[in-house]
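# Inside the fold
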Amino acid sequence: MDLINVEALTFQNRTKSMWSKSKVTFDLGPVSFNVKSGETLAIVGNNSSGKSLLAKLLVGLETPKSGKIFMNGVELNKSNISVRCHDIRMIFQNSNDSLNPGLTLGSILEEPLRLNTKLNGQQRRSLIEQTLRQVGLMAEHQFFYRHMLSDGQRQRIALARALILNPKVIVADEPFAALDPSVRSQAVNLLMKLQRDLGLGFIFISHNLGIVRHISDKVIIMKDGKVVESGKTDAIFNWPKNEYTKKLVDSHQALINGQNNQR
Amino acid sequence: MQQSSLYQEEHHPSPLQYTWMEFKNNHIAVAGLFCFAFFLIITVFCPLLAPFDPNMQQTGDLMIPPAWDPNGGISHVFGTDALGRDLLSRIIYGCRMTFGISLLLVIVAMLLGVGLGALAGMSRGFRSSFLNHTLDSIQAIPTLLIAIIIIAILGPGLVNSMWAIALALIPQFMHQTRDFVRHELSKEYIMAAKLDGASKTHIFAHSILPNMGEMLVVQATLALSISILDISALGFLKLGAQAPSSELGAMLLEGIDVAYIAPWTIALPGGALFMMIISINLVGDGLRSALRNRLLH
């Protein structure tokens with residue numbers, strides 16, 4: 001049974017003009033994939049290949065031109081937007097910008113609970129404390145403000161915000177890009193542990209092929225809004241078929257070999 | 001009493017505390033704040049502080065100089081005016097009128113301006129741009145001029161001048177609010193709130209408003225000094241508060257007739273006005289730089 005199933009999703013970005021005909025500036029798709037629970041899908045591609053746009057389409061920030069998204073066999077559209085808010089959660093690329101500077105972390109985490117659940121104040125507070133511990137922070141952190149935390153802690157808060165509604169799928173737009181290597185590996189391990197414990201479907205976008213190879217089960221390679229190649233991670237890294245994929249994998253291999261030779 | 005702290009606790013101030021810490025370092029601004037508090041106390045407790053009724057005419061004591069003058073007496077510390085009214089009491093009541101009314105007007109203008117500005121900022125298309133461009137063009141005219149135009153229609157009087165000044169102050173709040181909301185809406189944390197399923201009103205009330213407090217305080221101090229100047233200017237021009245009332249601008253106008261014989265009847269109300277405006281501007285300026293420094297950290 002597929003947790004999330006995407007069928008031929010497309011999107012067109014047009015220039016808006018009153019006088020001339022609108023022109024298509026960006027064409028995405030068609031993109032199709034499915035993710036089972038506990039599975040990780042990585043979306044890889046160069047800049048402006050439509051990766052972030054795909055993430056926005058999945059969480060519902062943009063409306064697709066055509067195509068369907070199924071969640072446990074139920075189609076997601078405008079009528080069941082609350083289901084989407086609840087079941088698909090997004091982690092933004094820059095965790096610093098995605099936290100409100102004027103609110104304590106507790107009230108940032110309380111907002112999704114207040115809007116999407118019927119819990120009372122006491123239950124909300126205990127759930128917030130529980131989630132903060134789950135991501136490796138302390139209950140006292142709910143009284144902190146954004147500027148008091150380090151980058152790694154902010155990333156954990158962003159993760160807590162995604163996890164607090166007990167979602168089925170997490171979409172992450174380059175969640176590890178802004179972190180330094182040691183904090184990054186901490187965050188990756190934390191995510192993998194939580195995914196194993198909770199059985200989440202995890203869709204993430206990354207430049208870092210090392211992490212992709214480490215954690216993902218499936219990979220989609222994108223270029224200029226089109227899917228170039230998709231399949232199991234092992235297959236793609238060992239026997240890339242497409243020219244572009246070959247180039248990506250080769251450059252990654254060269255980087256690793258270079259590091260090994262230096263030692 | 002425990003003197004040393006046992007635990008090495010890091011102190012993490014909230015954004016508001018941080019602003020106060022920055023503000024405290026600016027001593028001139030703190031002096032301005034004390035001056036501001038002094039006027040606030042006078043405004044609230046003026047019936048207890050004033051020694052005489054401000055409109056009581058003592059026909060035997062016309063134009064007595066202030067206490068520091070060789071001819072002055074201690075019973076009238078600031079002297080009396082041409083009609084024998086105690087100047088200290090009149091200035092105290094004048095502070096209440098000018099300062100208190102201005103404070104009231106700024107609060108009213110702020111509530112209306114922020115409401116309309118939020119409406120303009122959160123909506124798109126024709127409604128937003130109509131509100132925006134209309135009020136932008138009104139903002140190009142000085143508030144005093146708008147107030148005079150409104151008074152020309154409504155007729156002179158204190159209540160009419162209050163209406164006029166409140167209406168003239170609204171566009172500034174609206175413009176600032178709209179700009180701020182527009183700026184914040186493009187940020188990622190608003191997107192995150194949208195993904196939580198928040199409606200537009202919820203986004204404004206819970207995500208944008210907590211960040212807007214400081215902008216509002218700075219704008220309110222600016223508006224307060226403008227409103228004090230306008231109220232007293234209209235009083236001076238005989239368009240606002242009328243003659244027997246102890247409004248500071250109207251007192252200046254009365255003093256003009258006897259300026260050469262009794263200069264204190266102009267100097268003292270003028271000085272009070274001067275202190276009021278300078279303290280407000282010092283506080284506003286201190287707040288602005290405190291906020292700027294806070295953002296740099």
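Just so you know, these numbers come straight off a predicted model, no measurement behind them. (Residues numbered from 1 in each chain as written. Chains lettered and ligands numbered in written order. Predicted model: local features only at pLDDT ≥ 70, side-chain atom pairs only at ≥ 80, totals over all residues. Heavy atoms only, no water.)

### Let's talk about the interface of chain B and chain A
Counting residues at the interface gives 19 residues for chain B, matched by 25 residues for chain A. Overall, the association of chain B and chain A removes approximately 1900 Å² of surface from exposure, summing both partners, and the carbon and sulfur fraction of that is 62%. Three residues stand out in chain B for area buried against chain A, namely Glu188, Leu195 and Asp196 of chain B, and they jointly supply 35% of the buried area on that side. Across the pair Asp196 of chain B and Arg89 of chain A runs a salt bridge whose closest N-O atoms are separated by 2.9 Å. Along the contact surface separating chain B from chain A lie seven residue pairs in polar contact (both at pLDDT 80 or more). Broken down by secondary-structure element, the contributors of at least two residues to the side of chain B that touches chain A are α1 (15-24), α7 (188-195) and α8 (200-236) of chain B. With six residues, α7 of chain B is the single largest residue contributor to the side of chain B that touches chain A. Classifying every residue of the side of chain B that touches chain A by side-chain character gives 10 nonpolar, seven polar and two charged. (Contact = heavy atoms within 4.5 Å. Buried area = accessible area lost by both parts, 1.4 Å probe. Salt bridge = Lys/Arg side-chain N within 4 Å of Asp/Glu carboxyl O. Polar contact = N/O pair within 3.5 Å; in protein donor to acceptor, adjacent residues only side chain to side chain. Helix = DSSP H or I, 4+ residues; strand = E, 2+ residues; numbered from the N terminus. Nonpolar A, V, L, I, M, F, W, Y, C, P; charged D, E, K, R; others polar.)

### Considerations on helix α9 (residues 248-256) of chain B
Among the residues making up α9 of chain B, those that are buried are Leu248, Gly249, Ala250, Met251, Leu252 and Gly255 of chain B. With a side-chain oxygen lying 3.1 Å from the backbone nitrogen of Gly249 of chain B, the N-terminal cap of α9 of chain B falls on Glu247 of chain B. (Buried < 20%, exposed > 50% of the residue type's maximum accessible area, 1.4 Å probe, protein only.)

### Considering the environment of Leu88 of chain B
Residues and elements named next belong to chain B. Mapped onto the secondary structure, Leu88 falls in helix α3 (residues 87-122). As a C-alpha pair, Leu88 and Leu33 span 55 residues in sequence and 23 Å in three-dimensional space. Residue contacts for Leu88: discarding those within four places in its chain leaves Pro51, Val77 and Phe78.

### Quick word on the nonpolar core
Residues and elements named next belong to chain B. Counting residues in each nonpolar core, the largest one holds 61 residues, and the members touching the most others are Phe204, Ile208 and Met212. If you list the elements that add at least two residues to this core, you get α2 (27-49), α3, α5 (143-154), α6 (158-185), α7, α8, α9 and α10 (264-296). The element that contributes the greatest number of residues to this core is α3, accounting for 13 residues. Residues in contact with Ile208, not counting those within four places in the same chain, are Met122, Phe180, Val181, Glu184, Leu185, Ile190 and Ile203. (Core = buried A, V, L, I, M, F, W, Y, C linked by side-chain atoms within 4.5 Å.)

### So, the pairing of strand β7 (residues 169-173) of chain A
Residue and element names in this part refer to chain A. Across the five residues that make up β7, a large majority, five, are buried. Neither face of β7 is exposed, since Val169, Val171 and Asp173 on one face and Ile170 and Ala172 on the opposite face are all buried. Direction of pairing for strand β6 (residues 88-91) relative to β7: parallel, over a ladder of four bridges. Pairing of Ile91 across the sheet is with Ala172, part of β7. Bridge analysis of β7 against strand β8 (residues 201-205) gives five bridges, and the strand direction is parallel. Residue pairing in the sheet places Val169 in a bridge with Gly201 of β8. (Pairing = 2+ DSSP bridges.)

### Examining empty space enclosed by the protein
Tallying each qualifying case throughout the model produces five cavities of 30 Å³ or more. Estimates place the volume of the largest cavity at around 100 Å³. Lining the largest cavity are Ile88, Arg89, Met90, Ile91, Phe92, Ser98, Ala158, Arg161 and Ala162 of chain A together with Ala192, Leu195 and Asp196 of chain B. Within the residue set of the lining of the largest cavity, elements represented by two or more residues are β6 and α5 (151-163) of chain A together with α7 of chain B. Ranked by residues supplied to the lining of the largest cavity, first place goes to β6 of chain A with four residues. Classifying every residue of the lining of the largest cavity gives eight nonpolar, one polar and three charged. Taken together, Ile91, Gly152, Gln155, Arg156, Leu159, Pro175, Phe176, Ala187, Leu190 and Leu191 of chain A make up the lining of the second largest cavity. At the level of elements, α5 and α6 (181-198) of chain A are the ones that each hand at least two residues to the lining of the second largest cavity. Considering every element that reaches the lining of the second largest cavity, the biggest residue donor is α5 of chain A, with four residues. Considering only residue class, the lining of the second largest cavity consists of seven nonpolar, two polar and one charged. (1 Å grid on protein atoms, 1.4 Å probe; cavity = no way out; pocket = protein on both sides within 12 Å on 5 of 7 lines; lining within 4 Å. Points joined across faces, edges and corners; volume = space filled by probe spheres on them.)

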